[in-house]
Amino acid sequence: AQKVTQAQTEISVVEKEDVTLDCVYETRDTTYYLFWYKQPPSGELVFLIRRNSFDEQNEISGRYSWNFQKSTSSFNFTITASQVVDSAVYFCALLPNTGNQFYFGTGTSLTVIP
Amino acid sequence: DAGITQSPRYKITETGRQVTLMCHQTWSHSYMFWYRQDLGHGLRLIYYSAAADITDKGEVPDGYVVSRSKTENFPLTLESATRSQTSVYFCASRMGLAGGQETQYFGPGTRLLVL
């Protein structure tokens, strides 16, 4: 089965706090790709990061960082020193190498309170 | 660089009418997708296409028809709109399935209201 679980439906933090968004995936493929997308209140879906299953290095981009752990089938996303502009719905997604379609989690709605 | 566009951005129609949502991409991506987004359901795949003249069903295809005569266009038709098809529709595209081509990019979405 191919599946992505984002157990946190809604999260609220106060500005400047760090926050981690969890993503757990299931796949039988040995090669696969993981993604995070951001959907701000304006509604568009913005690509944030892609990871392939052979690259377990964590990645940092400014205040954003991603922790990929194959042992726990997780691909968590941390925002450091959150800002109001980070308020959005964040989606984690899986693309198995043997398939054509993405599998999306149901999203985590993040609210950053000023 | 126009990227991927959708039209119309907003549409109000009545039950039983036929509606076509347009999607156009300028990247010559092989794959194109249609999703609907509803509260509580996240993004659900309606149809996708791996190349011109090749289409396949996704998770929720009933009531929808697609075609892909040209690589850059992937229209979605609601043959007889129902209220349950009120949703936000996203088109997406990507180049391929390996070598860094896997990232999927989304259009701005079409908000459809069926009365």
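For clarity, every value in this text was computed on a predicted model and none was experimentally measured.

Student: Is there a simple way to think about the pairing of strand β10 (residues 88–96) of chain A in this case?
Tutor: Look at any regular strand and the pattern is simple: side chains alternate between the two faces of the sheet. Residue and element names in this part refer to chain A. Burial runs high along β10: eight of the nine residues are buried. Taken together, the eight bridges between strand β5 (residues 32–39) and β10 define a ladder with antiparallel strand orientation. Within the sheet, the bridge partner assigned to Lys 38 lies in β10 and is Tyr 90. With three bridges connecting them, β10 and strand β12 (residues 108–113) associate as antiparallel partners. Paired with Tyr 90 across the two strands is Thr 108, which belongs to β12. When β10 meets strand β11 (residues 103–104), the two strands line up antiparallel, connected through two bridges. Its bridge partner lying in β11, Ala 93 is registered against Phe 104.

Student: Looking at this model, I keep getting lost on the interface of chain B and chain A. Mind explaining?
Tutor: Quite often, the size of an interface is put as the accessible area lost when its parts meet. Of the residues lining the interface, 18 residues belong to chain B; the matching set on chain A comes to 18 residues. Of the roughly 1,700 Å² buried at the junction of chain B and chain A (both faces included), carbon and sulfur atoms supply 59%. Summed over the shared surface of chain B and chain A, the result is one salt bridge. Our enumeration of links across chain B and chain A arrives at six residue pairs in polar contact (both at pLDDT 80 or more). Looking at the side of chain B that touches chain A residue by residue, the classes come out as eleven nonpolar, five polar and two charged.

Student: Would you explain a nonpolar patch on the surface in this entry?
Tutor: All names here are of chain B. On the surface, Ile 12, Leu 113 and Leu 115 cluster together into a nonpolar patch covering about 290 Å² of accessible area. Secondary-structure assignment places Leu 115 in the segment after β11 (110–114). Note on Leu 115: relative accessible area 48%, which makes it partly exposed.

Student: How should the state of the cysteines be read in this particular structure?
Tutor: Between two cysteines, a covalent bond joining their sulfur atoms is known as a disulfide. Residues and elements named next belong to chain B. Taken as a whole and assessed by the stated rule, the structure comprises two disulfides over all chains. The disulfide bridge from Cys 23 ends at Cys 91, spanning 1.8 Å between sulfur atoms. Here the disulfide of Cys 23 and Cys 91 is left-handed, its torsion about the S-S bond being about -75°. Here the residue Cys 23 occupies a position in strand β3 (residues 19–25), and Cys 91 occupies one in strand β9 (residues 87–94), the gap between them amounting to 68 residues. Owing to a relative accessible area of 2%, Cys 23 belongs among the buried residues under this scheme.

Student: I keep staring at the sheet that holds strand β1 (residues 4–7) of chain B and nothing clicks. Help me out?
Tutor: Neighbouring strands of a sheet are bound in pairs by backbone hydrogen bonds; such pairs are parallel or else antiparallel. Residue and element names in this part refer to chain B. In spatial order, the strands read β1-β3-β8-β7; together these four strands make up an open sheet with antiparallel pairing. Of all the strands in the sheet, the pair left with one neighbour each is β1 and β7 (64–66). Neighbour-to-neighbour, the strand axes of this sheet turn through a mean angle of 20°, independent of strand direction.

Student: Would you mind going over the pairing of strand β9 (residues 74–79) of chain A with me for this structure?
Tutor: Residues and elements named next belong to chain A. By the criterion of burial, β9 is predominantly enclosed, with five of the six residues buried. As paired elements, strand β3 (residues 19–21) and β9 share three bridges and run antiparallel to each other. Among the inter-strand pairings, Thr 20 is bridged to a residue of β9, identified as Thr 78. Sheet topology note: the strand β8 (residues 64–69)/β9 ladder contains six bridges and is antiparallel.

What counts, and at which threshold
Residues numbered from 1 in each chain as written. Chains lettered and ligands numbered in written order. Predicted model: local features only at pLDDT ≥ 70, side-chain atom pairs only at ≥ 80, totals over all residues. Heavy atoms only, no water. Buried < 20%, exposed > 50% of the residue type's maximum accessible area, 1.4 Å probe, protein only. Helix = DSSP H or I, 4+ residues; strand = E, 2+ residues; numbered from the N terminus. Pairing = 2+ DSSP bridges. Contact = heavy atoms within 4.5 Å. Buried area = accessible area lost by both parts, 1.4 Å probe. Salt bridge = Lys/Arg side-chain N within 4 Å of Asp/Glu carboxyl O. Polar contact = N/O pair within 3.5 Å; in protein donor to acceptor, adjacent residues only side chain to side chain. Nonpolar A, V, L, I, M, F, W, Y, C, P; charged D, E, K, R; others polar. Patch = residues over 30% accessible without salt bridge, like charges linked within 9 Å, V, L, I, M, F, W, Y side chains within 5 Å. Areas by Shrake-Rupley, 256 points an atom, 1.4 Å probe, with all protein chains shown as cover. Disulfide = S-S within 2.5 Å. Axes fitted to C-alpha atoms, helices over the stretch in contact; angles between N-to-C directions.

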